[in-house]
Amino acid sequence: MPITPATVLLLLFLAGPIAYCAYIAFTDMQLTGQASASFVGFDNFKKAFGDANFRNSVVLTLIFTLVSSILGQNTLGLTLASLMARSTKFVRSVTGAVVICAWVLPEIVAGFLLYTFFSKEGTLNEILAFLHLPSQNWLFTLPIMAVSFANVWRGTAFSMLVYSAALSEIPKEVTESAEVDGAGSWQRLWHITLPMIRRSIGTNLMLNTLQTLSVFGLIWAMTRGGPGNRSQTLPIFMYDQAFNKSLIGYGTAVALLLLVVGALFSVVYLRLMREEV
Amino acid sequence: MAAISEAPAPEAAAGPAPRRPRVRPGSKLSRTTRQRLAADLGLLVILGAFVLPLLWLIFASVDTDPSMKVAPPSGLTADNFSKVLTDEITFTPMLNSMLLCGSATLMTVTAAALAAYPLSRYKARFSRPYLLTILFSTCLPITAVMVPVYALFVQVNLIDTMHGTSFFLATSQLPFAIWLMKNFMDGVPVALEEAAWTDGASWFQALTKVILPLMGPGFAVVTVYSFIQMWGNFFVPFMLLITPEQLPASVSIFTFFGNLGSIAFGELAAFSILYSTPVLLLYILISKRLGGGFTLGGAVKG
């Protein structure tokens, strides 16, 4: 059967770890100093919901996802795509190339670039000083916003591509006749464009959000979750508990929660895609 | 924007109003021009924000005295590049990345092509649930699996091995690769392999001699895209590899600016450029062939 190699790989290295994840999340497994792990039931989850640091990282993850994925990448991607539909070819290709370049760059390089951009002696403060606006140490005062904007910089290209494809599929006659009927640009956007691309909006929001939920390297490179735990999203919290504090069982319980959220999103996504499989 | 003030009576937009082509000589042309100018201006502003960090990278890499601000170099130098072009800093990590991602990509595309074939060609009972499972797993946050993968790899002695890491990298990319591959394969008409069937070709020959060559650009896209994703992946090798000599560039660059007290920005920028160049070139290669990333965006959409 030609399908065997893929199935074996997926079972061994994906289904296996997920099943193992579901098992150790219910144990007190530690990295060191323990011969064998024992079953502790829901203790890890109870501990998580009572843990102020965990709740903090849930809130930060929500902020990070809302600001960078839903408000940032999604809206900016749609804006870019619709501006590109009207702009001159040269401006369109240069902008497209630069935005895609930010997307293709390795995650850690992007993290490093935006670290210098937001740092105290960095470019952003230079611009603010030029405009006579107060500068500050962004990575210290507003770390979660800095990493959120970094994620917008890095991830917008995907939304831009999805929306460019979606907008190009709208027949010209539809928008033109609306224009002839006297609909202004906002009315056309609200009553015609958005309803016609609503499936792309759904797909894009879903994929963006999932992508953003699991961002690790970008935040790790910029702030390592700090200062303190003020940019510690769930993946960073999970890593910190499992490795810095050696609590594999607890870290895995957090990972399992993240997986469950991802799985729920996946199910919604599958329903959106239903008729296409 | 300018169009809003010009929009006539709002009731026209509310219902299916009769068409009233308004003839206003000259105004149509100038309106499109104005719209184009506004769009260009908007794009240029966004472009400015996107380009600054990239400009910094280029300037700092050739600056004799780079700082964290974006500024034209005070003096041009190639020193930053020559300093990082050593076995320890650049060549070994890049070679490791190559081995790791090259072998993982090979595994991914082979397994994906084999799996996509029956999924695309036969309406077997398992096809639909299999595809749904694949689509489901493309959405799972792989980051969340890393801690249990680490624990599992310790138990089966795969931790800190190149082959173990590339197996996992290959698998993490596999669901999306199968999905993409199947979509491209659907575009090759079955009639073409039927000719091969009648000539007595096996399914494997039909796949390798007829289908894969015919879906050439699609196969290239899956390969290059998988490679780019793995090349940039930081978390997987960061977790699964320990020995410094085995680290790929994505992790070695991190130790570079993580541990040095004062960061050598110029050298780091130079290394970042060297490390990023292969994937940028590969992306240009596939996007040229497919008219921008639009096909990829379309494939993701379904």
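Just so it is clear, the structure is predicted and the values come from calculations on it, not from any experiment.

## Quick word on the overall build of chain B
Inference 1: What chain B contains, in helices and strands, is 15 helices and zero strands.
Inference 2: Taken over 302 residues, chain B has a buried fraction of 51%.
Inference 3: Looking at chain B alone, contacts between residues at least 24 apart form 71% of all its contacts between residues at least 6 apart.
Inference 4: Roughly 13800 Å² of accessible area belongs to chain B as shown, and the carbon and sulfur atoms make up 67% of that amount.

## Topic: the confidence of the model for chain B
Residues and elements named next belong to chain B.
Inference 1: When pLDDT is averaged along chain B, the result is 82; 83% of the residues meet or exceed 70.
Inference 2: Note on residues 1-18: pLDDT under 50 across the span, and 23 contacts to partners over four residues away in sequence or across chains.
Inference 3: Here residues 292-302 is modelled with pLDDT under 50, and outside its nearest four sequence neighbours on either side it reaches 28 contacts, counting other chains as well.
Inference 4: Scoring of the predicted complex yields 0.86 for pTM and 0.88 for ipTM.

## Quick look at unusual backbone geometry
Inference 1: Backbone torsion omega between A:Gly226 and A:Pro227 reads 0 degrees, so that peptide bond is classified as cis.
Inference 2: The residue B:Asn157 is not glycine, and still its phi comes out positive at about 60 degrees.
Inference 3: Position of B:Asn157 among the secondary structure elements: in the loop between helix H7 (142-155) and helix H8 (162-186).
Inference 4: We note that B:Asp160 has phi near 60 degrees; this positive angle belongs to a residue other than glycine.
Inference 5: Mapped onto the secondary structure, B:Asp160 falls in the loop between H7 and H8.

## Observations concerning the UniProt feature "transmembrane region" (unreviewed entry) in chain A
Residue and element names in this part refer to chain A.
Inference 1: Per the UniProt record, "transmembrane region" (unreviewed entry) is annotated on residues 58-85, 97-118, 138-163, 205-223 and 247-270.
Inference 2: End C-alpha to end C-alpha, residues 138-163 measures 31 Å, and it is 96% helix and 0% strand.
Inference 3: Here residues 205-223 is 79% helix and 0% strand, with 26 Å between the C-alpha atoms at its ends.

## Comments concerning the UniProt feature "domain: ABC transmembrane type-1" (unreviewed entry) in chain A
Inference 1: Annotation from UniProt places "domain: ABC transmembrane type-1" (unreviewed entry) at residues 59-269 of chain A.
Inference 2: This span, residues 59-269 of chain A, is 81% helix and 0% strand, and a straight line between its end C-alpha atoms measures 24 Å.

## Topic: the UniProt feature "transmembrane region" (unreviewed entry) in chain B
Residue and element names in this part refer to chain B.
Inference 1: In the numbering adopted here, UniProt assigns the feature "transmembrane region" (unreviewed entry) to residues 37-59, 97-119, 131-153, 210-228 and 263-286.
Inference 2: Secondary structure across residues 37-59 divides into 100% helix and 0% strand, with the first and last C-alpha atoms of the span separated by 30 Å.
Inference 3: Taken end to end, residues 263-286 is 92% helix and 0% strand, and its first and last C-alpha atoms sit 35 Å apart.

## So, the side chain of A:Thr61
Inference 1: Take A:Thr61: it is sitting in helix H3 (residues 52-86).
Inference 2: In this structure A:Thr61 touches A:Leu213, A:Thr233 and A:Leu234, once residues within four positions along its chain are discounted.

## Some words on the packing of aromatic side chains
Inference 1: Overall, the coordinates contain 36 aromatic pairs over all chains when judged by the stated rule.
Inference 2: Between A:Trp220 and A:Tyr239 the ring centres are 5.2 Å apart and the planes differ by 70 degrees, which places this aromatic pair in the edge-to-face class. Of this pair, A:Trp220 sits in helix H12 (residues 217-222) while A:Tyr239 is found in helix H13 (residues 234-244), placing the two residues 19 residues apart along the sequence.
Inference 3: For A:Tyr239, a relative accessible area of 11% corresponds to the buried category.
Inference 4: One aromatic cluster is present, formed by A:Phe216, A:Trp220, A:Tyr239, A:Phe243, B:Tyr150, B:Phe234, B:Phe235 and B:Phe238 through successive ring pairs.
Inference 5: Directly above the ring of A:Tyr250 sits A:Lys47, whose terminal nitrogen or CZ lies 4.1 Å from the centroid.

## Observations regarding the interface of chain A and chain B
Inference 1: Across the boundary between the two partners, chain A contributes 102 residues, which contact 102 residues of chain B.
Inference 2: Summed over both partners, the interface of chain A with chain B buries about 9000 Å², with 78% contributed by carbon and sulfur atoms.
Inference 3: Examining the composition of the side of chain A that touches chain B, we find that 13 residues originate from one element, helix H1 (residues 4-24) of chain A, more than from any other.
Inference 4: Per-class residue counts for the side of chain A that touches chain B are 68 nonpolar, 22 polar and twelve charged.

## Here we look at the environment of B:Leu43
Inference 1: Mapping B:Leu43 onto the fold places it in helix H3 (residues 27-62).
Inference 2: Through-space distance from the C-alpha of B:Leu43 to that of B:Thr255 is 37 Å; in sequence the pair is 212 residues apart.
Inference 3: Not counting residues up to four positions away in its chain, the partners in contact with B:Leu43 are A:Leu80, A:Leu83, A:Met84, A:Ser87, A:Val91, A:Arg92 and A:Thr95.

## What to know about the environment of A:Glu121
Inference 1: Secondary-structure assignment places A:Glu121 in the loop between helix H5 (107-118) and helix H6 (123-130).
Inference 2: With 70 residues separating them along the chain, A:Glu121 and A:Asp51 place their C-alpha atoms 36 Å apart.
Inference 3: Discounting residues that sit within four places of it in the chain, A:Glu121 has contacts with B:Met68 and B:Lys69.

## Points about the state of the cysteines
Inference 1: Taken as a whole and assessed by the stated rule, the structure comprises zero disulfides over all chains.
Inference 2: This cysteine, B:Cys101, is not joined by any disulfide, and A:Cys101 carries the nearest cysteine sulfur, 19 Å off.
Inference 3: Between B:Cys139, a free cysteine, and A:Cys21, which holds the nearest cysteine sulfur, the sulfur-to-sulfur gap is 18 Å.
Inference 4: Residue B:Cys139 is classed as buried on the basis of its relative accessible area of 4%.

Basis of the calculations
Residues numbered from 1 in each chain as written. Chains lettered and ligands numbered in written order. Predicted model: local features only at pLDDT ≥ 70, side-chain atom pairs only at ≥ 80, totals over all residues. Heavy atoms only, no water. Helix = DSSP H or I, 4+ residues; strand = E, 2+ residues; numbered from the N terminus. Buried < 20%, exposed > 50% of the residue type's maximum accessible area, 1.4 Å probe, protein only. Contact = heavy atoms within 4.5 Å. Areas by Shrake-Rupley, 256 points an atom, 1.4 Å probe, with all protein chains shown as cover. pLDDT = per-residue confidence, 0-100. UniProt positions renumbered as here; feature names shortened; annotations may be inferred. Phe/Tyr/Trp six-rings, centres within 6.5 Å; stacked < 30°, edge-to-face > 60°. Lys NZ or Arg CZ within 6 Å of the ring centre and 35° of its normal. Buried area = accessible area lost by both parts, 1.4 Å probe. Nonpolar A, V, L, I, M, F, W, Y, C, P; charged D, E, K, R; others polar. Disulfide = S-S within 2.5 Å.

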